[in-house]
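# Tertiary structure, described
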Amino acid sequence: MGASGSKLEKALGDQFPEGERYFGLENFGNTCYCNSVLQALYFCVPFREQLLEYYANNKNPGDAEENLLTCLADLFTQLEKALGDQFPEGERYFGLENFGNTCYCNSVLQLEKALGDQFPEGERYFGLENFGNTCYCNSVLQALYFCVPFREQLLEYYANNKNPGDAEENLLTCLADLFTQISSQKKKTGVIAPKRFVQRLKKQNELFRGYMHQDAHEFLNFLLNELVDILEKESHAAKSIPETSPPEKIANGPNNPQANGVKKAPLVTWVHKNFQGILTNETRCLRCETVTARDETFLDLSLDIEQNSSVTSCLKNFSSTETLNAEDKFFCDKCCSLQEAQKRMKIKKPPQVLVIHLKRFKYVEQLGRNKKLSYRVVFPLELKLSNTMEDADSEYSLFAVVVHIGTGPNHGHYVSLVKSHDHWLFFDDENVEMIDESAVQTFFGSAQEYSSNTDHGYILFYESIAANDSS
Ligand SMILES: [Zn+2]
């Protein structure tokens, strides 16, 4: 069996039921309706047993006429005997594409061979073991690992704060520990099991327990917020004095006796310095022309997508002007009443690392569930962010893509594409391979609604290429 099967086996371990077989069924072009029913019937044990018994007693190899019953019985017999080689391998049923049965130990060695002399000094390319549908986690971890400023700051933080004696384990220490493990390997390539990290993640958030397919973006968002929380708590615990950022004086007055101290400025951690940007929400009252601006911070941008579009056009839509009228009027402080207004969102401060989440999973009312949008959305290798409030365009370079593979929101697989020292690498759990830069465009999506290509860029990581002197 392929990689997904051996993962299931690993996940079940000792608890793998004696004599039971869990085989996927290959999809021959939208035959999942059939596969799914066949699986249900196979696991209807009395039915299975009776069918097999019937077949064993009635099989007449000579001149047996083939019919649906014999075909079904034959299929079940194959499953029962687990004739691996002859049996179609079926990761596709689970929405997993088969990337060939390259054994992972071979794939990492091949990578080393392929890079040869060009293997970047001091760099490590390690696959991450999968513990049962943990690809959502592995793909994001690889993207973060190759976000070099983030990695360096995490390792530095860890080296300075590691307190082996009584350090409390949390997601930050587990992540730092994993990155340290990878970066300090003697070998240049190989496979690492992010076991502690995954265990901690499951302990921390019940959303990620179980072996269901998870959302990589939800995971990334949870992780970054969790890291920020941990750093903020540590900072508060370390000192109860005001934060490092310049404190803002608040006018003292007779009506406000408490406000004679300093207003606590929000703490800016190194996680913020990497990922945080500021959006400003501008509302212009159409009666008095007063513009009200409200700032919001973000760690990633979630963009609505359209068929045959690009990240640039999705960003334009994101910042387009929206008119608030009818039921949706705006309360203007100057007019002291509800007024028609124009609203637009602008990027006030672009982040150092711009993380763009393409909203490929959309709730469709007619279906009563989420649907995956396979739209073709071009993402450039170099991105110009023009709708910011800063004078110059912000320029970014793509360095990682988390790809969702599969047709639906509730099943599938995640892999990541990573650019490291001008080489593009393909991380699929334990597998690490080199790919051509030109292969990145095969992950844009499909121009037609039904396409055999189900590999779509889902989370994009762009790094600012402007000199990082600001902030
Ligand atoms: Zn007004």
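This text gives an overview of the structure that appears in the document. Computed from a predicted model, the values in this text were never measured in an experiment.

### Re the overall build of the protein
When helices and strands are counted, the protein shows 12 helices and 22 strands. Burial status across the protein gives 45% buried among its 471 residues. Long-range contacts, defined as pairs at least 24 residues apart, comprise 67% of the intrachain contacts of the protein with a sequence gap of at least 6. As displayed, the protein offers around 25400 Å² of accessible surface, 48% of which is attributable to carbon and sulfur atoms.

### Details of the packing of aromatic side chains
Scanning the model with the defined rule gives 17 aromatic pairs in all. Their ring planes at 85° and their centres at 5.5 Å tell us that Y136 and F219 sit as a pair that is edge-to-face. Of the two residues, Y136 is situated in helix α6 (residues 135–145) and F219 in helix α10 (residues 216–238); the sequence distance between them amounts to 83 residues. Taken as a pair, Y136 and F219 share a single burial class, namely buried. Here F379 and F444 contribute two aromatic rings whose centre-to-centre distance is 4.8 Å and whose plane-to-plane angle is 80°, an arrangement assigned as edge-to-face. In this pair, F379 is assigned in the loop between β16 (377–378) and β17 (382–385) and F444 in the loop between β21 (431–435) and β22 (455–464), connecting sequence segments 65 residues apart. By the burial criterion, F379 is buried, and F444 matches it. Aromatic rings pair up to connect F119, Y125, Y145, F146, F179 and F427 into one cluster. Between the NZ or CZ atom of R151 and the centre of the ring of Y145, over which it lies, the distance is 4.1 Å. Between the NZ or CZ atom of R151 and the centre of the ring of F146, over which it lies, the distance is 5.5 Å.

### Considering a negative patch on the surface
Residues E382, D393, E395, D422, D436 and E437 make up a contiguous surface patch of negative charge. For D436, the position within the fold is in the loop between β21 and β22.

### Focus on the coordination of the zinc ion
Angles at a metal have ideal values that depend on geometry: 109.5 degrees with four tetrahedral donors, 90 or 180 degrees with six octahedral donors. Around the zinc ion, the protein supplies C285 (SG), C288 (SG), C332 (SG) and C335 (SG) as donor atoms, at distances of 2.2 to 2.3 Å. Coordination at the zinc ion comes from four donor atoms whose angles at the metal span 105 to 115°, giving a geometry best classed as tetrahedral. According to the relative accessible area criterion, C285 is buried, its value standing at 0%.

### Regarding the pattern of salt bridges
Note that side chains of opposite charge can pair when their charged atoms are close. Across all of its chains, the model carries 10 salt bridges by this definition. Here the residues in one salt-bridge network are E169, D177, R196 and R200, joined through shared partners.

### Topic: helix α7 (residues 148–161)
Side chains that are three or four residues apart share a direction in an α-helix, a result of its 3.6 residues per turn. Over its 14 residues, α7 extends 20 Å from the first C-alpha to the last, a length consistent with the 20 Å expected when each residue adds 1.5 Å. Along α7, the residues classified as buried are F150, R151, L154, Y157 and Y158. Each buried residue of α7 lies within a common arc of 130° when the element is viewed along its axis, so the set occupies one face. Exposed positions of α7 whose direction lies more than 90 degrees from the buried face are E152, E156, A159 and N160.

### Details of unusual backbone geometry
Positive phi values are uncommon outside glycine, yet N308 reaches one of about 50°. The backbone of D429 sits at a positive phi, close to 50°, despite the residue not being glycine. Mapped onto the fold, D429 is located in the loop between β20 (423–428) and β21.

The rules behind these values
Residues numbered from 1 in each chain as written. Predicted model: local features only at pLDDT ≥ 70, side-chain atom pairs only at ≥ 80, totals over all residues. Heavy atoms only, no water. Helix = DSSP H or I, 4+ residues; strand = E, 2+ residues; numbered from the N terminus. Buried < 20%, exposed > 50% of the residue type's maximum accessible area, 1.4 Å probe, protein only. Contact = heavy atoms within 4.5 Å. Areas by Shrake-Rupley, 256 points an atom, 1.4 Å probe, with all protein chains shown as cover. Phe/Tyr/Trp six-rings, centres within 6.5 Å; stacked < 30°, edge-to-face > 60°. Lys NZ or Arg CZ within 6 Å of the ring centre and 35° of its normal. Patch = residues over 30% accessible without salt bridge, like charges linked within 9 Å, V, L, I, M, F, W, Y side chains within 5 Å. Salt bridge = Lys/Arg side-chain N within 4 Å of Asp/Glu carboxyl O. Lys, Arg positive; Asp, Glu negative; His and termini not counted. Charge placed at Lys NZ, Arg CZ, Asp CG, Glu CD. Donors = N, O, S within 2.8 Å, 3.2 Å for Na, K, Ca; no water. Tetrahedral: all angles 85-135°; square planar, octahedral: opposite > 155°, others 65-115°. Expected span 1.5 Å × (residues − 1). Arc of directions from axis to C-beta.

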